Amino acid sequence: MGKAAIDPFAHLHDEGYADGFAAGYVTAATLVQGGGRPVESLAGPWRMTLDLFDEGLRQKWYAEDDTPPSQWPTPRDYEIEAGELVQVPSCWNLLKPEWTYFEGAAWYTRDLDWRSGASGERAFLQIAGANYSLLVFVNGRFVGGHRGGSTPCSLELTQALEPGSNRLQIMVENRRRADRVPMHHFDWFNYGGLYREVELLRLPATFIRQAAIALVPGSGFRAIAMTVKLSDPVDGSAVITIPELGVEASVAITAGEGRLTLEAAPQLWSPASPKLYEVEIRHGADLWRDRVGFREIRTEGTTILLNGEPIFLAGACVHEDDVTLGKTSNEADIRRRIRHARELGANFLRLAHYPHHELVALIADEEGLLLWAEIPVYWAIDFGNAETYADAENQLLELVARDINRASIVMWGVGNENADTDERYRFMAGLATRARLADPTRLVAAACLINRERFAIEDRLADHLDVIGINEYFGWYEPDVANLERLVANSDPGKPVVISETGADALFGHRGAGRVLFSEDWQAEFYRLQMAVIARTPWIRGMAAWLLYDFRSERRQTGFQRGFNRKGLIAEDKTTKKAAFAVLAELYRNQG
Ligand code: GCB
C-alpha cells in the first residue's frame, strides 16, 4: 500500500496526490463508437462514498484490500460497504437532500464478473457521461481517466480484468473551476455523478473504432464518402454495405485507416422526409452498424440551404435538466422534448450548452428535426490556458466522433457569449478550424457578440464561422425592443444569422398587462415583438427561443425564480404550458 503503510501520516502533507493521473486521460482519438454492437449494461446499484477532501486519492483508497473491518491491522477512513447504494446512472444531487449542492469527488464501486469470450477478445468500459472528470480503477489498478462533463469515453480494461470477480471503481469529481470548460460560472445547475450509461463492450483483437459516412458536399447529391478507423495500424480491407442502395464495396485499409467515395444517389434526408439507410461495415470478425440519413447543408450569401433549398430554422433551445432526473436523460424524456418541439411548430432545436445524450440526435434523425449541437465554451473561459484549450478541443472532437453520422445535426456550436480578447479569438478560431477539419459536412456556428454602443453585430470571430449566432434579449435584460430594430438596421453580417437565443422569464400564473416582468403576458408579447422584426429581416435565417422548459439555476433567487431560470415556454414540470407557447406556435405557423 505504498507510503501510507510506511508512514501513516505521509498523505497529510502530500499535495502532489493527483499527479500522474492526468497523463492517463483518454481522448477522442481512442473513443470507440458503439456501432450497434451488443453491450453489457452496468446500470443498477453501485456503492458510493462522497469524498469532499480528495482523501481517496491522498490515502489511495483504490489500493485498499477487501479485508473486513474486524481484521484491519490499522484504522481506515474508507470502507466500500459503508458507502450508500445508489443507482447508476443518476445525479447524486437528487438522491439525498444533503447531497443537493455537493461539489467534489465521489467513489463509485461495484463488482464486475468477467469471463473472457473468444481468444484475443478485448474489453472496453464505455462511459457515456460523468460530470466533470473521472478516474477508473480495476482491482486497485489505475486504468485511465477522462475530463469533460458531457462527452463519452472508452477505457480499455482488457489487461486489468481477471477471470471471475473484479472490483470496478470510478471516482467522479464535479468541482467548478476557472480552468474548466465550462468554467466556474454558468447559468445552469452543476449536477455531479455517473449520470449517463456505463457499459462493457467486447470487441475482437482488431476492431472498427470510428466510421463516418456522409453525402459529399457539392457532389450534386450523387456521391457518398466514408472513412473508417481501426483500433490498430494494420493493413487490409473492410467491406461497406448499404443494401437499400445496392452498395457493397471493399475499402482498402492502410495503417488502420481507409476511405472511399462511392457514386450513389440516395433519397435525401429532410424534416419532411427523414429517410434513413442501414449501413454496415465489416472488418474481420467485427461488424459496425448504423442508420444514416444523407443530406447536404451549406450556406450561400446570407441563406442556409438544406439539400439546395433555402430553409428557415424555427425552434427553441433546450437544456438537459429535469426536476427528478437532473442531467440524466431517458428515452421518454427525450421523446417528450421532441414532441413539444413539434407542437411548437419547430423544425430546429439548439442543444444548450453542452453535448446532450446520444439518443437525442438518434431520435431527431428519425423524426426529422434539425439540431445545433455545442460544447460548453461558455462566458469567461480561461482562454489563455493551453490545457483549457486542449480540454475544449477534445470535448469538440469527442462530440464530433460520437455524432458524426447524425443527419439531424447540421451545426457545431463552438462557443457562447465570450468577451472579445485576442486570446479568445485565437482559442475559438482554433476550435472552428478544428471542427471543419474533423467534419466538412456541417456548418460551424457560435453565439457571437453585439456592440452595445452602436447596436450592431460585431465580432471578429464571425470570419471563422458559417453561421453567426446572436443571443439577444431586447425587451427583457435590455428593456427597449426598438433596439433590436436598430441592431438590424446597423448590421450587415454578410452571412446567415440565427437568433440563437431570445426570451423572457415568466412564472406560470403570474399575469399583468404591459411590460410586467416575470409575467406570462409579457413573455408572450415579447415573442410577438421579436418576431415582427425577425420575420422581415432577410439575413436572419433562424430563431431558437430561449427556451423550451424552465431549468434549475442557482444564479436565480428571486421569489419568481426560486432557483430556476423561468424563460421556459413550459414550466419545469414539462407539462404546464405558459401563454407564450401558443403565441410562438402561431408565429412559427405564420412564418411557415
Ligand atoms: C444567455 C445565456 C444562457 C442564459 C440566458 C438567460 O445569454 O447564453 O445560458 O441562461 O442568457 O436566461 O439569461
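It should be emphasised that the depicted structure is a prediction, and the values quoted were computed from it without experimental measurement.

What counts and how
Residues numbered from 1 in each chain as written. Predicted model: local features only at pLDDT ≥ 70, side-chain atom pairs only at ≥ 80, totals over all residues. Heavy atoms only, no water. Phe/Tyr/Trp six-rings, centres within 6.5 Å; stacked < 30°, edge-to-face > 60°. Helix = DSSP H or I, 4+ residues; strand = E, 2+ residues; numbered from the N terminus. Buried < 20%, exposed > 50% of the residue type's maximum accessible area, 1.4 Å probe, protein only. Lys NZ or Arg CZ within 6 Å of the ring centre and 35° of its normal. Near = heavy atom within 4 Å. Polar contact = N/O pair within 3.5 Å; in protein donor to acceptor, adjacent residues only side chain to side chain. Areas by Shrake-Rupley, 256 points an atom, 1.4 Å probe, with all protein chains shown as cover.

S.K.: Requested: an account of the packing of aromatic side chains, with residues and values cited.
M.R.: The final tally for this structure, using the stated rule, is 28 aromatic pairs. Both rings, one in Phe 21 and one in Phe 142, keep their centres 4.8 Å apart while their planes meet at 85°; by these two values the pair is edge-to-face. Residue Phe 21 is located in the loop between helix H1 (3-6) and strand E1 (40-41), and its partner Phe 142 is located in strand E7 (residues 141-147); the two are separated by 121 residues in the primary sequence. With centroids separated by 5.6 Å and ring planes inclined at 50°, the aromatic side chains of Phe 137 and Phe 142 adopt a geometry described as tilted. Judged by relative accessible area, which is 26%, Phe 142 ranks as partly exposed. Among the aromatic residues, those joined into a ring-pair cluster are Phe 21, Trp 61, Tyr 62, Tyr 78, Trp 107, Phe 137 and Phe 142. Here Lys 574 stacks its cationic end above the ring of Tyr 549, 5.3 Å away from the centre of that ring.

S.K.: I'd like a description of unusual backbone geometry, backed by residues and values.
M.R.: The phi torsion of most residues other than glycine is negative, and most of the peptide bonds are trans. In this model, Val 88 is joined to Pro 89 through a cis peptide bond whose omega is 0°. Mapped onto the elements of the fold, Pro 89 is located in the loop between strand E3 (84-88) and strand E4 (105-114). Between Ala 352 and His 353 the backbone carries a cis peptide bond, its omega angle lying at -15°. Structurally, His 353 is set in the loop between strand E22 (348-351) and helix H4 (358-367).

S.K.: Break down the site of the ligand for me, citing the residues and quoting the values.
M.R.: Lining the immediate environment of the ligand, one finds 14 residues, of which Asp 187, Tyr 378, Glu 417, Tyr 477 and Lys 567 sit closest. One of the side-chain N or O atoms of Asn 416 is found 2.8 Å from an oxygen atom in the ligand. Contacts to the ligand include Arg 556, whose side-chain N or O atom sits 3.1 Å from an oxygen atom. When the ligand is considered free in solution it has 320 Å² of accessible area, and contact with the protein chains removes 96% of it.

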